[in-house]
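# Close look at the chain arrangement
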Amino acid sequence: MFLPAHFRQHDASAIAALIEAYPLALLCISVDGIVETTHVPTVLAQTHSDTHSDSSSHDNSHTNGEQPLTLLFHLSRNNPVARALCAGSDALTVFTGMN
């Protein structure tokens, strides 16, 4: 996603505050060439050790060397978005603020 430099946020505490204040996110992913989206209520993990996934394969270039933030959420196993995530597809999570 193109993000102009003047809109980029590098302060992890500011990002965390936005997520905690407005936890409903739009999760976007490509499934078989079609963009699928679903709303997910999220919880921000307090530390990386709170999760059981291995993030070593993810692109964390946007974190400026800091530990990336980790989101927790639930999807139905039958949801095509969940299947694509389990298969290793990249996703975009959008937090828009007040709903």
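Residues numbered from 1 in each chain as written. Predicted model: local features only at pLDDT ≥ 70, side-chain atom pairs only at ≥ 80, totals over all residues. Heavy atoms only, no water.

### Structural notes on the overall build of the chain
Across its full length, the chain holds two helices and five strands. The order of α-helices and β-strands along the chain, N terminus first, is α-β-β-β-β-α-β. Considering the chain as a whole, with its 99 residues, one finds that 24% of them fall into the buried category. In the chain, of all internal contacts separated by at least 6 residues, the share reaching a separation of at least 24 is 65%. Carbon and sulfur atoms form 55% of the exposed surface of the chain, whose accessible area is close to 7,300 Å². (Helix = DSSP H or I, 4+ residues; strand = E, 2+ residues; numbered from the N terminus. Buried < 20%, exposed > 50% of the residue type's maximum accessible area, 1.4 Å probe, protein only. Contact = heavy atoms within 4.5 Å. Areas by Shrake-Rupley, 256 points an atom, 1.4 Å probe, with all protein chains shown as cover.)

### Structural notes on the nonpolar core
Ranked by internal contacts, the top residues of the largest apolar core, which has 13 residues, are Leu-27, Ile-29, Val-40, Leu-75 and Val-81. Going through the elements one at a time, helix H1 (12-21), strand E1 (24-31) and helix H2 (80-86) are the ones with two or more residues in this core. By residue number, the principal contributor to this core is E1, which donates four residues. Once residues within four sequence positions are removed from consideration, Ile-29 is found in contact with Ile-34, Val-35, Glu-36, Val-81, Ala-84, Leu-85, Ser-89, Asp-90 and Ala-91. (Core = buried A, V, L, I, M, F, W, Y, C linked by side-chain atoms within 4.5 Å.)

### What to know about the environment of Met-1
You can see Met-1 is positioned in the segment before H1. On a C-alpha basis, the gap between Met-1 and Leu-92 in space is 8.5 Å, while along the polypeptide they are 91 residues apart.

### Digging into a nonpolar patch on the surface
Together, Met-1, Leu-3, Phe-7 and Leu-92 give the surface a local cluster of nonpolar side chains, amounting to about 440 Å² of exposed area. Judged by relative accessible area, Leu-92 falls into the partly exposed class, the value being 34%. (Patch = residues over 30% accessible without salt bridge, like charges linked within 9 Å, V, L, I, M, F, W, Y side chains within 5 Å. Salt bridge = Lys/Arg side-chain N within 4 Å of Asp/Glu carboxyl O.)

### Examining the pairing of strand E2 (residues 34-41)
Two strands pair when backbone bridges link them, and E1 and E2 are joined in this way by eight bridges, in the antiparallel orientation. In the strand pairing of E2, Ile-29 is matched with Glu-36. Where E1 folds back onto E2 in an antiparallel hairpin, the turn is made up of two residues, including Asp-32, whose phi is positive at roughly 55 degrees. (Pairing = 2+ DSSP bridges.)

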